[in-house]
Amino acid sequence: MSTAPKHAVLILAHDNPAQLELLLESVAHPRLDPFLHLDAESNDTFEKARRLATETIQRYDIRWGGYRMVQATLDLLALARARAPYDTFTLLSGRDYPVPPTDELVAWLDNIEVSRIGHWHDEDPSWHRRWNRYFFHDWDWPWGRIANAASRRLAAACPDRAWPVTPYFGSQWWTLTRWDVDRAFDFIEKRPDVVQFMRYVHIPDECFFQTLLCNHPDVEQLSRKKRRYIDWSEGNAHPKILEKEDIPDVLASGAAFARKLDIHEAPGAVQCLENHRSLRTC
């Protein structure tokens, strides 16, 4: 007798334990298993979140722009793959939140046949600046700052770094099928040179999985329709924190997940989403 498919939810979190608890409770379902990576410096205020997760790891002091973000994601994938043959793997941050009721979310995941991941090659020339020289974001202060400054100066006189494969870029947040996750790990095993190259790329979490999957010969199709609502209208380096007034647009978008939320800066947004998921009004 065939069993209903199960899905892994991978969460990267480093702050705001109360909001993380709400996120974990929102994906509580017999066929959803949340796997949690907490920043290495996370304290006992995350104890409830640890209990709510299927499994929790706390390994890396993740720094924005560095490779440790990728390594934490790979460790979560490996943890989930070792536990069960999940049909899909969805990557979230602790500032994300599901939009539809949980049963509807599971039904959508059940029907995913193609991985949902943003992937572009040369649409944005600014991406060149992410890899043309070496970046040392994971190095401890002050050595990382010194190394980055030296690399920046040397880049003016040295040739650009050359990718060993065609690079692809896109959002860090995705939903991948089991087939494509297996292909990603296959690529990592066969092409350690590509992995080594990306250890010194600026913001590798926005090119790592895109590059692996788009260069694997057995990956035939990927979808850019991620069903994520992210508001970049403020023109900043980070997306807008969604407020209660933004939720009608979130609901109208048909998104499966919304980002970026903060229960301290805009508590009404999370409450409004939860009311919608519980079939109540805001």
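Look a little higher up for the structure.
A brief structural summary. Computed from a predicted structure; not experimentally measured.

## What to know about the packing of aromatic side chains
- Summed over all chains, the structure comprises 12 aromatic pairs.
- For the pair Y86 and F89, a centre-to-centre distance of 6.1 Å together with 80° between the ring planes defines the contact as edge-to-face. Residues Y86 and F89 agree in their burial class; the two are buried.
- In this structure, R81 is placed above the aromatic ring of F185, and the distance from its NZ or CZ to the ring centre is 4.3 Å.

## Some words on the sheet that holds strand 8 (residues 257-259)
- If you trace the three strands from one edge of the open sheet to the other, you get 5-8-7, paired in mixed fashion. What marks the edges here is a single partner per strand, and that holds for strand 5 (97-98) and strand 7 (228-230).
- Judged from the three bridges that link them, strand 7 and strand 8 form a sheet pairing that is parallel. Note that in strand 8 the partner of I230 across the bridge is R259.

## Considering the pattern of salt bridges
- Counted under the stated rule, the structure contains 19 salt bridges.
- Ionic pairing is found between D262 and R95, a salt bridge with its closest N-O pair at 3.2 Å. With D262 in the loop between strand 8 and helix 10 (267-277) and R95 in the loop between strand 4 (88-93) and strand 5, the pair connects residues that are 167 residues apart, well separated along the chain.
- In this structure, E274 and R277 form a salt bridge, with 3.3 Å as the shortest nitrogen-oxygen distance. Note that E274 and R277 are positioned in helix 10 at a spacing of three residues, about one turn of the helix.
- Ionic contacts of the salt-bridge type, sharing partners, join the residues D15, R95 and D262 into one network.

## Describing the environment of E220
- With respect to the helices and strands, E220 occurs in the loop between helix 8 (208-215) and strand 7.
- Sequence separation between E220 and M69 is 151 residues; the distance between their C-alpha atoms is 27 Å.

## Looking at a negative patch on the surface
- Residues E234, E243, E245 and E265 make up a contiguous surface patch of negative charge.
- Take E234: it is sitting in the loop between strand 7 and helix 9 (247-253).
- Classification of E234 by relative accessible area gives partly exposed; the value is 47%.

## Examining helix 10
- Buried within helix 10 are the following residues: A269, V270, C272, L273, N275 and R277.
- The secondary structure elements touched by the buried residues of helix 10 are helix 1 (17-26), strand 5, helix 4 (102-110), helix 9 and strand 8.
- L279 sits one or two residues past helix 10 and shows a positive phi near 65°.

## Thoughts on the side chain of D180
- Relative to the assigned elements, D180 resides in helix 6 (residues 178-190).
- For the buried D180, no salt bridge exists, and the shortest N-O distance to an oppositely charged side chain is 6.3 Å, to R183.
- The contacts of D180, once residues within four sequence positions are left out, are S115, L213, V219, Q221 and L222.

## Some remarks on the layout of surface pockets
- Approximately 1,000 Å³ is the volume found for the largest pocket.
- If you list the elements that add at least two residues to the lining of the largest pocket, you get strand 1 (7-13) and strand 7.
- Among the residues forming the lining of the largest pocket, the class breakdown is 14 nonpolar, eight polar and 10 charged.
- Estimates place the volume of the second largest pocket at around 160 Å³.
- Taken together, 14 residues make up the lining of the second largest pocket; nearest its centre are Y67, D138, W139, R199 and Y200.

## Observations concerning the pairing of strand 2 (residues 32-38)
- Counted residue by residue, strand 2 has seven buried out of seven residues, so it is predominantly covered.
- Bridge count for strand 1 against strand 2 is seven bridges, and the pairing is parallel. From the neighbouring strand, A13 faces strand 2, where its bridge partner is L38.
- Handedness of the crossover joining strand 1 and strand 2 through helix 1 is recorded here as right-handed.
- Pairing between strand 2 and strand 3 (residues 55-57): three bridges, direction parallel. Looking at strand 3, one finds that H37 is bridged to I57.
- After leaving strand 2, the chain enters helix 2 (residues 47-52) and then returns to the sheet as strand 3, a path that is right-handed.

Scoring rules and cut-offs
- Counting restarts for each chain, with residues numbered from 1 along the sequence as it is written.
- Two thresholds apply to this predicted model, a pLDDT of at least 70 for residue-level local features and 80 or more for giving and counting side-chain atom pairs, whereas whole-chain, interface and lining totals are computed over all residues.
- As a rule here, side-chain values cover all heavy atoms of the structure and leave hydrogens and water aside.
- Note on aromatic contacts: the rings of Phe and Tyr and the six-membered ring of Trp form a pair at centre separations within 6.5 Å, being stacked when their planes are under 30 degrees apart, edge-to-face when over 60 apart, and tilted otherwise.
- Partly exposed residues are those whose accessible area sits between 20% and 50% of the maximum for their type, while under 20% is buried and over 50% is exposed, using a 1.4 Å probe and protein chains only.
- Note on criteria: charge over ring means Lys NZ or Arg CZ within 6 Å of the ring centre, with the direction from the centre no more than 35 degrees off the ring normal.
- Here, strands pair whenever DSSP counts at least two bridges between them.
- Secondary structure is summarised from DSSP: a helix means a run of H or I of at least four residues, a strand means a run of E of at least two, and numbering begins at the N terminus for each.
- Here, a salt bridge means any Lys or Arg side-chain nitrogen found within 4 Å of an Asp or Glu carboxyl oxygen.
- Residues enter patches when they are more than 30% accessible in relative terms and free of salt bridges; like-charged ones are connected within 9 Å and nonpolar ones (Val, Leu, Ile, Met, Phe, Trp, Tyr) within 5 Å.
- Only the protein chains shown count as cover for residues, and all accessible areas are computed by the Shrake-Rupley method using a 1.4 Å probe.
- Asp and Glu count as negative and Lys and Arg as positive, but His and the ends of the chain are not part of the count.
- Where a charge lies is defined by one atom per residue type, namely NZ (Lys), CZ (Arg), CG (Asp) and CD (Glu).
- Contacts between residues were defined by any pair of non-hydrogen atoms, one from each residue, lying within 4.5 Å.
- Put simply, the grid is 1 Å and covers the protein atoms alone, a cavity is a trapped set of points that fit a 1.4 Å probe, a pocket is an open set with protein on both sides within 12 Å along at least five of seven lines, and lining residues have an atom within 4 Å of a point.
- Grid points are joined across faces, edges and corners, and a volume is the space filled by probe spheres set on the points.
- Side-chain classes follow a simple rule in which Ala, Val, Leu, Ile, Met, Phe, Trp, Tyr, Cys and Pro form the nonpolar group, Asp, Glu, Lys and Arg form the charged group, and the remainder, Gly included, forms the polar group.
- The path from the first strand over the helix to the second decides the hand: if it runs clockwise while the strands point away from the viewer, the crossover is right-handed.

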